[in-house]
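Residues per chain are reported as follows:
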Amino acid sequence: VNDFVREGSSKAMQRVLVLFAHPAAHHSRVHHELLAAAHAVEHITVHDLYEAYPDFDVNIRREQELLLAHDVIVWQHPFYWYSTPPLVKQWQDLVLEHGWAYGRTGHALQGKVWCHAVSAGGGEQAYQESGRNRHTVQQLLAPLQQTAQLCGMRWLPPFVVHGTHVLSDVDLAHAAADYGRLLRALRDGHVRFEAAETLTRINADFSVALGDTP
Ligand SMILES: Cc1cc2nc3c(=O)[nH]c(=O)nc-3n(C[C@H](O)[C@H](O)[C@H](O)COP(=O)(O)O)c2cc1C
């Protein structure tokens, strides 16, 4: 676990943990780029859950120690059936223990930040009340938002890459650059939480969520 823990952080710096969950990462186009962008950000931790637990045998203590050692948890995953890939659910069922993550004596995660970085085949127009999916991605993530809430964590609107099937290489490169920018802003404490919370996805308008940070 020590490998994962960044040392020598300055006071303003937030310790960011990216929990990456893709069941077929070797076939991935979008997350291949997003993951490379995350790896390029210094002083954050990237943890590949499917690589660590191909048999879903999640090491609860290791995962809890990782959570304790970070301030910001970013779930990076493709949208599968309006939700996460299944290992994320398994991880939640096992790691978020009563008396640790929630319940009368469960305060381990209080005050930490919970955020999703999601890719979705559907375009943004499909993810609206008037669209074919009738809900935004953020609305569909309601069980996760409530899980974060129950654990006393602060929810940030998701970073969403829409329309993955028709996304050009240029637009994908822009999305990856934006993701890197978001991770650096989270690390450096530059995210404006109250403004960001007004957005349905945090990358809808970075000038709102991040101000004029580079
Ligand atoms: C099993 C499965 C379920 C999916 N469910 C959804 C979905 O509910 N909504 C959606 O917009 N896209 C859905 N997709 C499309 C993926 O989100 C999309 O292919 C992925 O985000 C692309 O990223 P990648 O290149 O990193 O795999 C699904 C794909 C698979 C394989």
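## So, the site of the ligand
At step 1: Neighbouring the ligand are 17 residues, the closest being S28, F79, Y82, S119 and Y127.
At step 2: A distance of 3.0 Å separates an oxygen atom of the ligand from a polar backbone atom of G121.
At step 3: Here the ligand, which alone exposes 630 Å², has 73% of that area covered by the protein.
At step 4: Classifying every residue of the shell around the ligand gives eight nonpolar, eight polar and one charged.

## Brief notes about the nonpolar core
At step 1: Core analysis: the largest hydrophobic core is formed by 35 residues, its most contacted members being V74, Y179, L183, L186 and V191.
At step 2: Where this core is concerned, the elements lending two or more residues are β1 (16–20), α1 (30–39), β3 (72–78), β4 (113–119), β6 (159–161), α7 (169–187) and α9 (206–209).
At step 3: Element by element, the count of residues in this core is highest for α7, at eight residues.
At step 4: Those residues in contact with V74 that sit more than four places away from it in its chain are V16, L17, V18, L19, C115, A117, Y179, L183 and L186.
At step 5: By size, the runner-up hydrophobic cluster in this structure holds 33 residues, among which are Y50, L96, C151 and W155.

## Side note on the packing of α1 against α7
At step 1: Here α1 crosses α7 at 35°, and the two axes come no closer than 8 Å. Considering the relative orientation of α1 and α7, their crossing is right-handed. Contact residues: V30, E33, L34, A37 and A38 in α1; L172, A175, A176, Y179, G180 and L183 in α7.
At step 2: Across the contact of α1 with α7, the residue classes break down as nine nonpolar, one polar and one charged.

## Comments concerning the packing of aromatic side chains
At step 1: Counted under the stated rule, the structure contains seven aromatic pairs.
At step 2: Seen from their ring centres, W75 and W91 are 4.7 Å apart, and the 85° between their planes marks the pair as edge-to-face. Note that W75 is positioned in strand β3 and W91 in helix α4 (residues 86–95), a separation of 16 residues in sequence. As far as burial versus exposure is concerned, W75 and W91 are alike and both buried.
At step 3: Connected via pairs of aromatic rings, a cluster forms that spans W75, W91 and W114.

## Regarding the pattern of salt bridges
Side chains that differ in charge, positive against negative, can pair when their charged atoms come close.
At step 1: Applying the stated criterion across every chain, the model contains seven salt bridges.
At step 2: Between K89 and D93 there is a salt bridge, with its nearest N and O atoms 3.0 Å apart. Of this pair, K89 and D93 both sit in helix α4, separated by four residues, roughly a single helical turn.
At step 3: A salt bridge links E197 to R154; its shortest N-O distance comes to 3.0 Å. Residue E197 is found in the loop between α8 (193–196) and α9, and its partner R154 is found in strand β5 (residues 154–155); the two are separated by 43 residues along the sequence.
At step 4: Since its relative accessible area comes to 36%, E197 is described here as partly exposed.

## Overview of α1
At step 1: Within α1 the residues assigned to the buried category are V30, H31, L34, L35, A37 and A38. Down the axis of α1, the buried side of the element spans an arc of 155°, and every buried residue falls inside it. The outward face of α1, more than 90 degrees from its buried face, is lined by the exposed residues H32 and H39.
At step 2: For α1, the elements touching its buried residues are β1, β2 (45–48), β3, β4, β6 and α7.

## Remarks on the packing of helix α3 (residues 60–68) against α4
At step 1: It is the contact of α3 with α4, at a shortest axis distance of 10 Å, that shows an interaxial angle of 90°. Judged by the inter-axis angle, α3 sits roughly perpendicular to α4. Along the contact surface, α3 presents I60, E63, Q64 and L67, while α4 presents W91, L94 and V95.
At step 2: Its residues placed into classes, the contact of α3 with α4 shows five nonpolar, one polar and one charged.

Cut-offs and rules
- Numbers given to residues run from 1 along each chain, matching the order in which its sequence is written.
- Thresholds applied to this predicted model are a pLDDT of at least 70 for local features of residues and 80 or more for the giving and counting of side-chain atom pairs; totals over whole chains, interfaces and linings are not thresholded and use all residues.
- Note that the side-chain values use all heavy atoms of the structure and ignore hydrogens as well as water.
- Throughout, near means a residue has at least one heavy atom within 4 Å of the molecule or strand.
- Polar contact is defined as a pair of N or O atoms within 3.5 Å, subject to the rule that within protein one atom must be able to donate a hydrogen and the other to accept it, and that residues adjacent in sequence are counted only when both atoms are side-chain atoms.
- Accessible surface area values rest on a Shrake-Rupley calculation with a 1.4 Å probe, where residue burial reflects the displayed protein chains alone.
- Charged means Asp, Glu, Lys or Arg here, nonpolar means Ala, Val, Leu, Ile, Met, Phe, Trp, Tyr, Cys or Pro, and polar covers whatever is left, Gly included.
- What makes a nonpolar core is a set of buried Ala, Val, Leu, Ile, Met, Phe, Trp, Tyr and Cys residues whose side-chain atoms join them at distances within 4.5 Å.
- For the exposure calls, accessible area comes from a 1.4 Å probe over protein chains only, and a residue counts as buried if that area is under 20% of its type's maximum, exposed if over 50%, partly exposed in between.
- Strands here mean DSSP runs of E at least two residues long; helices mean DSSP runs of H or I at least four residues long; both are numbered from the N terminus.
- Residue contacts are defined here by distance: any two heavy atoms, one from each residue, within 4.5 Å place the two residues in contact.
- Lines fitted to C-alpha atoms define the axes, with helix axes restricted to the stretch in contact, and inter-axis angles between N-to-C directions lie between 0 and 180 degrees.
- We call a crossing left-handed when the near helix sits turned anticlockwise from the far one by less than a right angle, and right-handed when that turn is clockwise.
- Ring geometry is summarised as follows: Phe, Tyr and Trp rings, the Trp one being its six-membered ring, pair when their centres sit within 6.5 Å, and such pairs are stacked at plane angles under 30 degrees, edge-to-face over 60 and tilted between the two.
- The working definition used for a salt bridge is a side-chain nitrogen of Lys or Arg within 4 Å of a carboxyl oxygen of Asp or Glu.
- An arc is given here, and it is the one of the directions from the helix axis to the C-beta atoms.
- Roughly parallel here means an angle under 35 degrees, roughly antiparallel means over 145, roughly perpendicular means 65 to 115, and every remaining angle is called oblique.

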